[in-house]
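# Descriptive analysis of the structure
As a plain string of letters, each chain reads:
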Amino acid sequence: MSKPAEIYACVHATEFPGQALLRLRPELREHPCVVLEGEPPLQLACSLNRRARSLGMMHGMTQVEIDTFPGVTALRRSPREEAAAKAALLECAGAFSPRVENRSKDDVFLAVIDIAGTKSLFGPPEMLAQNLLTGIRGLGIAASIAVSGNLHASVALAKGIPAQTVKVIPTGEECAVLAPLPLTVFDLTEDQSETFSLWGIRTLEMLGALPEKELIARMGQPGKLLRQRARGELPHLFQPLEPAFKLTERMELDSPVEMLDTLLFVLNLMLDQLIRRATARVLALASVSITLTLEDGRTHSRCVRPALPANDRQLWLKLLHLDLEAHPPQAAILAVALDAEPGSTSKVQLGLFTPQLPEPSRLDVTLARIRAIVGDENVGRAVLTDTHRPDGFRMEPFTVSSMEPFEIPSVPVRSAMRRLCPAEAVLATVQSEQPMAFVFRDRRYSVERAYGPWLTGGEWWNSTLWGCEQWDLVARAQNGALLLFDS
């Protein structure tokens, strides 16, 4: 079998510090926004959105200069949000090919995808690029995509076309397509830029037309490499990365938040991004951990795990709401972090005549409301422990396995005994070491028959040594009511 021809798709997103902040702030995307970097009062503008550039704002402006523009929103740069946005973009690119090379820089996202041999899965390169652009747009990022058989040609073209644009270079036409692009698509050094400016070289066509030997004599091997890149002829050794799959989202709030309703608006956007990323891999969210950075320097962490993995955003928002209501933070919130654990999306398959079970979402919300009333440690599934102690059980979180077929066990009919938990005090009258009468809940009972005592004990080897003396009583109240009592 012959090796498929090389073909690469380059994803390029400019003004990345600003886009990383605005992806979780959709209400600000249509307003002029600027991202500041540095410590006050030496903050400088490092990223602008399209609205801010249309007002004439530029990189490097100070806070005083920015304040002269009315209606401009200033945001502080967040490396954590940029890292989360970059990870989301790499995951989106990795859904189309496992071979992804990250060539990003400080303020620009740039990744190249090796899409050779993917035609049978995703169609021709034009269709793949359009689907990739749609996925990136769903993450709240504006990017340009260029496809070419030469990696450097795809990178140069992606830098030279507007955002939200897809361009495909036909095989063998790299030189002609790259010809009108300016030299700014290359990361030239100051000396190289000055030299080409003195020579009057402004486009890749002019650079590619320079004689190779004379260019090498004046600029050395870097000049030869630039000429090959301008003509779309420079080869490249592809170096793919293998990023770990982590469902994380980070957001630093513009001002301290004290109201839970305001925090839920932020959580809604972050959950939407997590669910999009999990759905792209045919996964669901099995658990979501929330970490709140508080104004007093502490952190407040909670973890929500429903009975079944789910991708219902409203369900997750309701569960987080109920959990934070039961365990509220003790100070204003400065930053929010969500970490999700992926799980299988398989459904529980019921038999044809199996009774219909409640919807998992309704069960999870009901359990969350009960936990808010009685406490987390009192809700779940009772599991017997390896002991003969009368109260020998523990509570575990209620979960349903989505990987195994569901079966309703057939349980034989057994007689039930009502047990009071926690145990209530009983005042007993004893004669000849046997109970004769007792008072229970302000009512007196006379014992007609007494069976026992049965002595049990255990764990003598631990500090949890226990012992129990048990009686079975048949007692009658003063009004004639008969009571079977196990004490």
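Above this note sits the structure.
Description of the structure in this document. Please read all numbers here as calculations on a predicted model, not as lab measurements.

## Observations regarding the overall build of the protein chain
The secondary structure content of the protein chain amounts to 15 helices and 19 strands. Over its C-alpha atoms the protein chain spans a radius of gyration of 34 Å, topping by over 25% the 23 Å that the globule rule assigns to 487 residues. Projected onto its principal axes, the C-alpha coordinates of the protein chain cover approximately 120 × 65 × 45 Å. Taken over 487 residues, the protein chain has a buried fraction of 38%. Relative to all contacts within the protein chain whose residues are 6 or more apart in sequence, the contacts with residues 24 or more apart total 59%. A total accessible area of about 28,600 Å² is found for the protein chain, and carbon and sulfur atoms account for 54% of it. Mean positive and mean negative side-chain charge positions of the protein chain (50 and 57 charges, respectively) differ by 4 Å.

## Things to note about the environment of Pro 243
Along the polypeptide, Pro 243 turns up in the loop between helix H12 (221–231) and strand E9 (247–257). The partly exposed category is assigned to Pro 243, whose relative accessible area is 48%. The spatial distance from the C-alpha of Pro 243 to the C-alpha of Ala 475 is 71 Å, given a sequence separation of 232 residues.

## With respect to a nonpolar patch on the surface
There is a patch of nonpolar side chains on the surface, built from Ile 370, Ile 373 and Val 374 and spanning about 280 Å² of accessible area. In this fold, Ile 373 is placed in helix H15 (residues 360–374).

## Remarks on the pairing of strand E6 (residues 109–114)
Counting buried positions along E6 yields six of six residues, so the element is predominantly enclosed. The side-chain alternation of E6 yields two buried faces, one formed by Phe 109, Ala 111 and Ile 113 and the other by Leu 110, Val 112 and Asp 114. Examined bridge by bridge, strand E1 (residues 8–13) and E6 share six bridges and lie antiparallel to one another. Bridging across to E6, Val 11 finds its partner in Ala 111. In this structure, strand E5 (residues 100–102) lies alongside E6, joined through three bridges in antiparallel fashion. Residue pairing across strands places Val 100 opposite Ile 113, the latter belonging to E6. Connecting the antiparallel pair E5 and E6 is a turn made up of six residues.

Cut-offs used in this document
Residues numbered from 1 in each chain as written. Predicted model: local features only at pLDDT ≥ 70, side-chain atom pairs only at ≥ 80, totals over all residues. Heavy atoms only, no water. Helix = DSSP H or I, 4+ residues; strand = E, 2+ residues; numbered from the N terminus. Rg over C-alpha atoms; globule rule 2.2 N^0.38 Å. Buried < 20%, exposed > 50% of the residue type's maximum accessible area, 1.4 Å probe, protein only. Contact = heavy atoms within 4.5 Å. Areas by Shrake-Rupley, 256 points an atom, 1.4 Å probe, with all protein chains shown as cover. Lys, Arg positive; Asp, Glu negative; His and termini not counted. Charge placed at Lys NZ, Arg CZ, Asp CG, Glu CD. Patch = residues over 30% accessible without salt bridge, like charges linked within 9 Å, V, L, I, M, F, W, Y side chains within 5 Å. Salt bridge = Lys/Arg side-chain N within 4 Å of Asp/Glu carboxyl O. Pairing = 2+ DSSP bridges.

Read these as geometric descriptors, not functional statements.
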